[in-house]
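Now for the letters of each chain:
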Amino acid sequence: MQDTREKENDEVYLDPIIRIKRIRSEEEPVALETFSAKGHPSKRTVMTSGIRETFGDLAPTIASIIVHGVQTEVLTKGPLDYHQTFEVTAEGKTAKLWLIDDGEVVTLLLPDEY
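What this report covers is the structure whose coordinates are included nearby. (Residues numbered from 1 in each chain as written. Predicted model: local features only at pLDDT ≥ 70, side-chain atom pairs only at ≥ 80, totals over all residues. Heavy atoms only, no water.)

Focus: the overall build of the chain
At step 1: Helix and strand content of the chain: two helices and six strands.
At step 2: Secondary structure elements in the chain, listed N-terminal to C-terminal, are β-β-β-α-α-β-β-β.
At step 3: Per-residue burial over the chain gives 40% buried out of 114 residues.
At step 4: For the chain, restricting intrachain contacts to residue pairs at least 6 apart in sequence, the fraction spanning at least 24 positions comes to 62%.
At step 5: Roughly 6,900 Å² of accessible area belongs to the chain as shown, and the carbon and sulfur atoms make up 52% of that amount. (Helix = DSSP H or I, 4+ residues; strand = E, 2+ residues; numbered from the N terminus. Buried < 20%, exposed > 50% of the residue type's maximum accessible area, 1.4 Å probe, protein only. Contact = heavy atoms within 4.5 Å. Areas by Shrake-Rupley, 256 points an atom, 1.4 Å probe, with all protein chains shown as cover.)

With respect to unusual backbone geometry
Excluding glycine, most residues fall at negative phi; most peptide bonds, likewise, are trans.
At step 1: Even without glycine at this site, Glu-91 takes up a positive phi of about 50°.
At step 2: Within the fold, Glu-91 resides in the loop between strand 4 (83-90) and strand 5 (93-101).
At step 3: Of the residues examined, Glu-91 reaches a relative accessible area of 58% and is grouped as exposed.

As for the packing of aromatic side chains
At step 1: Counted according to the given criterion, the structure contains one aromatic pair.
At step 2: Judged by centre distance (5.7 Å) and plane angle (65°), the rings of Trp-98 and Tyr-114 are edge-to-face. On the criterion of sequence distance, the pair formed by Trp-98 in strand 5 and Tyr-114 in the segment after strand 6 (105-109) is long-range, its members being 16 residues apart.
At step 3: Judged by its relative accessible area of 73%, Tyr-114 is exposed. (Phe/Tyr/Trp six-rings, centres within 6.5 Å; stacked < 30°, edge-to-face > 60°.)

Section: the pattern of salt bridges
At step 1: Inspection of every chain in the model, using the stated rule, returns two salt bridges.
At step 2: For Glu-87, the salt bridge identified is with Arg-19, shortest N-O distance 3.8 Å. Here Glu-87, found in strand 4, pairs with Arg-19, found in strand 2 (residues 18-23); they are 68 residues apart in sequence, far enough to count as distant.
At step 3: We note a salt bridge from Glu-73 to Arg-22, for which the minimum N-O separation is 2.6 Å. Here Glu-73 is found in helix 2 (residues 59-77), whereas its partner Arg-22 is found in strand 2, with 51 residues between them in sequence. Each of the two residues, Glu-73 as well as Arg-22, counts as buried. (Salt bridge = Lys/Arg side-chain N within 4 Å of Asp/Glu carboxyl O.)

As structure tokens, this is what we get:
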């Protein structure tokens, strides 16, 4: 199933401290497995220690912005791939992050933690 939406990079800004940019691949179709916007009460959102070590006290805020943004897009525009990629810059640090929804848990992690 091919994603017919326009491919673009989405940016979200939270004051001058955090910059979040979603990275979409031109060639990457939406997978058969999609990100679930409607979280079951037992569905958890977790982040790895690498995210916490990289962004410290800002890590929970970054996670919240990313998860909420993806869930909102799914509700307003339709399914997204279960695996999303972001580039986050905060307090002089830049890192690529992955957001993966395995159907039971939504995980935010650094690519090298996979």
